[in-house]
Amino acid sequence: MFRLVTNLSLARFIALACMTILLSDQSIQRASAVGLVYVDADPLGGNVGPLTAFESPKSDTSNLWGSRADFGSNSTLYESSVAEDSPEITQTLTGLTPGASYDVYAVYWSDQDENWTIRAGIASGVNTLYDLTGPTGTNPIPNSTQGVAASLAVWDAPPAAGAAAPDTGTFVQRPSNPLIMLLGKAGTAVADGSGNLPVFIDDVASAGAGRRTWFDGVAYAPAGTVVAATATLNRSTGLITINNPTAQNFDIKAIHIESAASGGLNASTWNAVHNSNAGWTITTPADPPNTPYISLLEENGNGSTISLAPGGGSISFGNVWNKSPYDHVVIWLTMADGSIAAMVPQFTGTVTANTDFNGDGVTNLADFQAMLANMQTNVSTGTKVEAFRKGDTNGDLSIDFADFSNFRTAYNAAHGAGAFNQLLAQVPEPSSLALFAVLGALLTNFRRRRAAPLAAAMLVATVFTTSSRAIDLLDVDINARSNATNTAPGYSAFTLSNSGAQPNGTANVNGYTISLTAVNSSGIAAGAIDDRVRTTPTGTPPLYQIYQDFVFSGTSVGVGGGMDLNVSGGSLAPNTTYSFSLYSFDQGTGGGRTVNWLDGNNANTPVATSFFNGTTLPTTDTQYKFSGLATTDATGKLLIKGRSTQPTAGNNVFLNGFEIAPVNELTLEVNTVTGQSRILDTQAGSFDASYYEIRSAGGSLNSAGWTSLDDAEATPDPVGNGWDEVPASNANILSEVNLTSKTTFTPGSSTSLGNIFSIGAAHDVRFLYAGPNETQLRNGIVKYVTSVVGVQGDYNGNGVVDMADYVLWRNGGPLQNEVNSPGVVDASDYTYWRSRFGATTGSGSGLGESAVPEPASILLVMALGGCLLTSRAHRACRPLFACG
C-alpha cells in the first residue's frame, strides 16, 4: 500500500484534478475516433452466466463470484477473492454485425501497488492471464501479461461513471489507495449469425496475498483497431516514454510519476516539461538537480497543456529510472478535461540482479567493493534503491551478513562456485618435500602481491576437513501454549503447572528435570514466576520465533531480584562445561533493564549480560539470544541465575527458552586484564569460517588494537582476495568477510585478534560467525578470562609456532608471545621463531615437541627462512630456492 506521504501527495494531485472537473468546461471532448464500446457485466440482465457461479451477499471463502456495490462502472463489479477458485463465467455480447470480426477485451481492476489478476479468452478453458504489472513489479506473476490502461484508450462508448467517480474518475477510483481500470485482450473472434459473441472470464485459483479478480465487463472494437496509448521503461537506460499509436489526441495538464515502494526515480536526469516550457511548474522535488533518489516527480501546466499526438506521438521523461531490481512505477496524468489517467509502464530489457549494485550487468568485485564500503552502516535514511546501490541485496535497508551471504552465492555462481576452495583442496599432504619446494617457489619473490597469502593458504589447506556441529542436548521453549506456531521448530516445550503467578515451576522434558524458582533481592526464594503471552511477537528473525510465550520474575526492592533455572538429568555429566544459550528480551521502555545471567556452580561467573546494558532501547519488545559456558556441579546439575543489577524496582528478568549443547561452537576468548582476544575451536571437528562479527552495544571494543585476519595476510592485499576488514568497524562492531576463500579452525587451534577489548569496559561482547555456505549467523561463545599462557614464538596467537608466524613477522607485526626485544620487530624475532618452529607449549627449543615437522622438512623450512631473511634485508640471496 502507499506510504502516508505518497497517499497525501497523490490525494492532493487527484483533488486538484477533481476540482478541475467541476470548474472546467464540461463541453470539452476528445476528438472523435473509432474506438472501444463498453458492455457492463450483468448476470441478472442475462448477459453473464451461469447464475450458479454468483452469490449475494459476498462471502470470501465460498469459491463463488460476488458483487461489489461500491466500485466500477455503474458502481457494480464482480469479485473472486484472494484465496478462492471461482467458476469460469461467460459474458455474451449481442447486437454485433453477424460475420464481422472483433477484438474483444475483459475490463478489470487492480490496486495500483498490488497485482490483481483476470483470465480472459474466446474459448472455454483457453485464456490469457492478465494483471497490472505482468511478470515484473513489486508482486510479479510469472507467465502473466500486463494489462492496458483503460484511461488512455480510445472509447466510442466508455464505461458509465459510478458512485465513486465524483471522487476521482471513471477509470481511477478511491483516491486514498487508487484502483486502476485495465483492459486484457481476450482475443479476436467473429460474431455468429445472430450477432452474438461469447467472452470467457475466470479467476486465478487461490492466488494468495495481493491477488484477486475484480471483473467489470467487456469491451470490443473492430478487429485490428489500435485502442490505447502505452508507456515503456527501458531497464538498460532508465528511459521512460509514453507512446500513442492510436488515432486519438490526448492533451495533458499535469504529470505525476511515482516509485512509492522503492524510491527509484532520479530527478537530476528528469526531462521535465518545465525544462522546455516555462509555463509548467515542478512541484516535487524542491531541488531536482540534487535529488538522485526520490519516490515522486510532479509538475503541472498551470492551465496550459502538452499533447500526446496521434499516430505515433510520444513524451519522453528521460533516463529517470535508477537501475535496480525494483520495477514498480506508476504514471498518473491529469487530462485537459480533468479526468485522471493511470498507467504502469511495460519494462523492457534484462532485470537487474540484486547483487549488481552498479547496474553494469554483472556481479563482480566492483559490486563487492561497494557493499564492503557500506557494510554495518546506517542506510535506512535513504530510499530502497539508494540502499541497494550501496549493497542492500534484500531490501531491508540494512547491509549486513545476510547481504554478504547473498552476494557470495551470486558471485560464486557468476565466477565458478568454490573455484578458489577447489584449488586449495588439491594441495598434497604436508609431509612431503614437494610441498616445501612449492612453498619455496611461491615465496621466491614476496614483492609479488599474491605469493604470500597463497603460500599460507596452502599450508592451511592441508588440514581442511568437513565442517561439523554437534546436536544440542536440549532445546526448550518455556511455557509454550497449545498453539504449535508458538514453538520454534525442533524445540521441546513445557508448560508450568498453573497459569498466572505461581511460586515456581517444575517439569520433566526428554528425561531432563527443569525447575524455575523466583528470588527476591536477598537471594532467598520468594515472589513468583509469572507467565505471559505476546499475541504479536516482534523482533528480528529467527530469534523471536519462541517469543510469544515467556515467563518472568520481578522484584519490588531493586537489585538482585530474578530467577534460578535448574537443569539436571538426561545426558548432563558432573563437573562438565556445556554451551548454554538462552533467549531473553526487554520491553523497550524506561531506558532498559540490565540483567546478568550467571553460572551458579562456578562462583557466579557471567554466562551472558543483557545486550542493552544501559544503551538506548528500541520502542518495541525485542528478543535476543545470548550464549556462554556453564558448568555442572558434582551431581550433574546446571544452575543458571538470572539477576537484575539495577538499583530500581520493577526490573523483571525474562526468559523465553534455552539451549544446552556440548561445547561445540567457536569461542571468542576475551582477556579482561590485557584486552587480548582470540578465536578458539573447541569442537570435535574443524570449522571453515568466511565471516565473523564481534559486537558490543556499550562500545567495549578497541578497534585500534585489532589484529584482523586480513592483517595477518601479505600486504598489499586487494579487496576480494582473502579476508577484508569491514571499514565501518568501530567500538561497537568489528567485522571481517572473506569472499573467495575461508579459514579453517581445527580442533584445539586458536587465532589471535589482538587487544580488541577495552580494559575496564562492560562485559557485553557478542560473537557471531558463519561458514562459506551458511545463510544464518551462528552464535559463538564469549569466554572472559584474566590470564592466558601463550606459546613463546607464536606471534599470531594460534597455539603453534608455524609459517603464519613468519608471515606476520615479515609484515612487521604486531607480534604476540614475543620473547626477544618485545615491542620491536627485528631479526632476533626471526631467529627465535626459527628455533621454536613447531612448538605448542610455553617454552623450550620447539624441537621434539608436538606438531614438529619431519627432520628433512624442518631443515628445508629453516633454509627457506634464512634465505627469506637475507632477501628481506639485502634482496641478494640465492641458495636452495633462488630467492631474489
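What the protein chain contains, in helices and strands, is ten helices and 50 strands. Every one of the 884 residues in the protein chain was classed for burial, and the buried ones make up 54%. Within the protein chain, contacts between residues separated by at least 24 positions form 71% of all contacts whose residues are at least 6 apart in sequence. Working note: accessible area of the protein chain is about 34,100 Å², and carbon and sulfur atoms make up 54% of it.

A word on the packing of helix 2 (residues 365-374) against helix 4 (residues 401-415). Two numbers describe how helix 2 lies on helix 4: the axes approach to 11 Å, and their chain directions differ by 175°. Our classification of the angle between helix 2 and helix 4 gives roughly antiparallel. Facing L365, D367, F368 and M371 of helix 2, the residues of helix 4 in contact are D403, F404, F407 and Y411. Residues that form the contact of helix 2 with helix 4 fall into these classes: six nonpolar, no polar and two charged.

A separate point is helix 2. Of all the residues in helix 2, the buried ones are D367, F368, M371, L372 and N374. Taken together, the buried residues of helix 2 touch helix 3 (384-390), helix 4, strand 45 (723-725) and strand 46 (733-738). The N-capping residue of helix 2, defined by a side-chain oxygen 3.2 Å from the backbone nitrogen of A366, is N364. Positive backbone phi, approximately 65°, marks Q376, located one or two places after helix 2.

This paragraph deals with the packing of helix 8 (residues 803-810) against helix 9 (residues 827-836). Any two packed helices are characterised by the angle at which their axes cross and by the distance between the axes. One can describe the packing of helix 8 onto helix 9 by two numbers: an axis separation of 10 Å at closest approach and a directional angle of 175°. Taken together, the axes of helix 8 and helix 9 are roughly antiparallel relative to one another. Two secondary-structure elements touch here, helix 8 through M803, D805, Y806 and W809 and helix 9 through A827, D829, Y830 and W833. In terms of residue class, the contact of helix 8 with helix 9 is made up of six nonpolar, no polar and two charged.

Within the structure shown, the criterion is met by 24 aromatic pairs. Ring centres of F357 and F388 lie 5.6 Å apart, and the angle between their planes is 70°; this geometry places the pair in the edge-to-face category. Remark: F388 occurs in helix 3 and F357 occurs in the loop between strand 26 (346-348) and helix 2; sequence separation between them is 31 residues. Grouping residues by exposure puts F357 and F388 together as buried. Between F401 and Y691 the ring centres are 4.8 Å apart and the planes differ by 55°, which places this aromatic pair in the tilted class.

All chains considered together, the criterion is met by eleven salt bridges. Notably, a salt bridge pairs E79 with R68, separated by 3.3 Å at the nearest N-O pair. Residue E79 is located in strand 5 (residues 77-80), and its partner R68 is located in strand 4 (residues 65-68); the two are separated by eleven residues in the primary sequence. Given the relative accessible area of 2%, E79 is considered buried. The partly exposed category is assigned to R68, whose relative accessible area is 22%. Between K185 and D103 there is a salt bridge, with its nearest N and O atoms 3.5 Å apart. Residue K185 is found in strand 14 (residues 179-190), and its partner D103 is found in strand 7 (residues 101-111); the two are separated by 82 residues along the sequence. With relative accessibility at 31%, the residue K185 sits in the partly exposed group.

With that settled, the discussion passes to the nonpolar core. Ranked by size, the top nonpolar core spans 34 residues in total, and within it W65, I89, L93, L197, V199, I201 and F215 carry the most contacts. Secondary structure elements with two or more residues in this core: strand 6 (89-93), strand 7, strand 8 (118-123), strand 14, strand 15 (197-202), strand 16 (213-222), strand 24 (330-335) and strand 25 (340-343). In this structure, A229, V273, M335 and F347 belong to the second largest nonpolar core, which totals 33 residues.

What follows deals with the sheet that holds strand 45. Taken in spatial order, the eight strands make up an open sheet running 45-46-44-49-50-41-42-48, and their pairing is mixed. Two strands bound the open sheet, and with one partner strand each, they are strand 45 and strand 48 (750-754). On average, adjacent strands in this sheet sit at an angle of 25° to one another, irrespective of strand direction. Two elements, strand 45 and strand 46, share three bridges in a ladder whose sense is antiparallel. What sits directly across from E725, in strand 46, is E736.

Looking now at the pairing of strand 33 (residues 562-569). Here strand 33 lies mainly inside the structure; six of its eight residues are buried. Across six bridges, the pairing between strand 33 and strand 38 (residues 638-644) is antiparallel. For L565, the partnering residue across the bridge sits in strand 38 and is I640.

The next subject is the pairing of strand 46. Burial within strand 46 is extensive, with six of its six residues counted as buried. Pairing of strand 44 (residues 691-696) with strand 46, which is carried by five bridges, proceeds in the antiparallel orientation. Bridging across to strand 46, I694 finds its partner in L734.

Now for helix 8. Owing to its 3.6 residues per turn, the α-helix brings residues three or four apart onto one side. In terms of residue burial, helix 8 counts as a mostly covered element, since seven of its eight residues are buried. Structurally, the start of helix 8 carries an N-cap: the backbone nitrogen of A804 is 3.2 Å from a side-chain oxygen of D802. G812 occupies a position one or two residues after helix 8 and carries a positive phi of about 95°.

Turning our attention to the environment of G391. Residue position: G391 is located in the loop between helix 3 and helix 4. Considered as a pair, G391 and F368 are 23 residues apart in the sequence and their alpha carbons are 7.9 Å apart.

This paragraph deals with the sheet that holds strand 10 (residues 145-146). Working definition: the strands of a sheet are paired by backbone hydrogen bonds and lie parallel or antiparallel to each other. On the basis of which strands lie adjacent, the open sheet formed by six strands has the order 2-6-15-8-9-10 and mixed pairing. Among the strands making up the open sheet, the edge pair consists of strand 2 (48-49) and strand 10. As paired elements, strand 8 and strand 15 share three bridges and run antiparallel to each other. Following the sheet pairing, R119 is matched in strand 15 by D202.

Turning to the side chain of N266, a few remarks are in order. Note that N266 resides in the loop between strand 19 (250-258) and strand 20 (281-284). If we ignore the near neighbours within four places in the chain, the residues touching N266 are T291, P292, V320 and N322.

Phi is mostly negative for residues that are not glycine, and the peptide bonds are mostly trans. Here G49 and P50 are connected by a cis peptide whose omega angle stands at 0°. With respect to the secondary-structure elements, P50 resides in the loop between strand 2 and strand 3 (54-55). Note that the residue after S56, namely P57, is joined by a cis bond; omega there is 0°. Within the secondary structure, P57 sits in the loop between strand 3 and strand 4. Phi is positive for S75, close to 65°, though the residue is something other than glycine. Take S75: it is sitting in the loop between strand 4 and strand 5. Positive phi values are uncommon outside glycine, yet A603 reaches one of about 55°.

Calculation notes
Residues numbered from 1 in each chain as written. Predicted model: local features only at pLDDT ≥ 70, side-chain atom pairs only at ≥ 80, totals over all residues. Heavy atoms only, no water. Helix = DSSP H or I, 4+ residues; strand = E, 2+ residues; numbered from the N terminus. Buried < 20%, exposed > 50% of the residue type's maximum accessible area, 1.4 Å probe, protein only. Contact = heavy atoms within 4.5 Å. Areas by Shrake-Rupley, 256 points an atom, 1.4 Å probe, with all protein chains shown as cover. Axes fitted to C-alpha atoms, helices over the stretch in contact; angles between N-to-C directions. Parallel < 35°, antiparallel > 145°, perpendicular 65-115°, else oblique. Nonpolar A, V, L, I, M, F, W, Y, C, P; charged D, E, K, R; others polar. Polar contact = N/O pair within 3.5 Å; in protein donor to acceptor, adjacent residues only side chain to side chain. Phe/Tyr/Trp six-rings, centres within 6.5 Å; stacked < 30°, edge-to-face > 60°. Salt bridge = Lys/Arg side-chain N within 4 Å of Asp/Glu carboxyl O. Core = buried A, V, L, I, M, F, W, Y, C linked by side-chain atoms within 4.5 Å. Pairing = 2+ DSSP bridges.

None of the figures reported here should be taken as evidence of function without further support.
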